[in-house]
Amino acid sequence: VQGTVDGGPANFVVDTGAELTVLTRETASRLGVKAISETISAGVGDFGLRGLQVGRIDRLTIGSLTVYNVPCLIKKPPLRGLPTREAESVSPVALGLSAVIDYGRQELLLGKDVPREDADHVLPLRVHRLALVQGTVDGGPANFVVDTGGQVISISTDTASTLDVAQSTRQIPLK
């Protein structure tokens, strides 16, 4: 979605799997979002721990929605060797909002109260920092983050270690 950060243009991935709104270092610098503190985060895959800066967006606008004093993470340093450039992301969950994403109509509804629509499947949702649904992996229970910003399905190392994978199964390394 297109939006503005403190009056400057920015494109965002709508990321229900992010704990906060996230800016790249370049975008934060271009739009004048200053770091207040630093932290580390453990990501998915081989990247391990990475440094992040914590900042604040004075005014975030997406469509007719404007939110003030939005805590954000600034990716510093950027990850290297990715197939595409890292993007900015906005987390409806972190803003305390519900989201309805209709990919067919290319519409996004954000709000404290959004209209309930008919759906083919309705899953109970639990929110603890992130939006979670319960599922199964090889018949065992597993929690999944509802992650609209994800590019692949990922599972934890602990969940993967419980899988009954035959040695003859073709292994495809992912990077």
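The notes below deal with the structure included here.

Conventions we followed
- Residues numbered from 1 in each chain as written.
- Predicted model: local features only at pLDDT ≥ 70, side-chain atom pairs only at ≥ 80, totals over all residues.
- Heavy atoms only, no water.
- Helix = DSSP H or I, 4+ residues; strand = E, 2+ residues; numbered from the N terminus.
- Contact = heavy atoms within 4.5 Å.
- Areas by Shrake-Rupley, 256 points an atom, 1.4 Å probe, with all protein chains shown as cover.
- Pairing = 2+ DSSP bridges.
- Axes fitted to C-alpha atoms, helices over the stretch in contact; angles between N-to-C directions.
- Core = buried A, V, L, I, M, F, W, Y, C linked by side-chain atoms within 4.5 Å.
- Buried < 20%, exposed > 50% of the residue type's maximum accessible area, 1.4 Å probe, protein only.

A tally of regular secondary structure across the protein chain gives two helices and 12 strands. When the helices and strands of the protein chain are placed in sequence order, the string is β-β-β-α-β-β-β-β-β-β-β-β-β-α. Considering only contacts within the protein chain whose residues lie at least 6 apart along the sequence, 49% involve residues at least 24 apart. Counting only carbon and sulfur atoms, one obtains 52% of the accessible surface of the protein chain, whose full area is about 12300 Å².

Pairing is antiparallel in the open sheet, where three strands are placed in the order β10-β11-β12. The open sheet has two edge strands, β10 (126–128) and β12 (140–145), and neither has a second partner. On average, each strand axis in the sheet is tilted by 40° relative to the strand beside it, whichever way the strands run.

Grouped together as the largest cluster of nonpolar side chains are 18 residues, with contacts concentrated most on V5, L23, V33, I57 and L60. Sort the elements by how many residues they give to this core and strand β6 (residues 65–75) lands first, with four residues. Ignoring any residue separated from it by four or fewer positions in sequence, one finds V33 in contact with V5, D6, L23, A28, R56, I57, C72 and I74.

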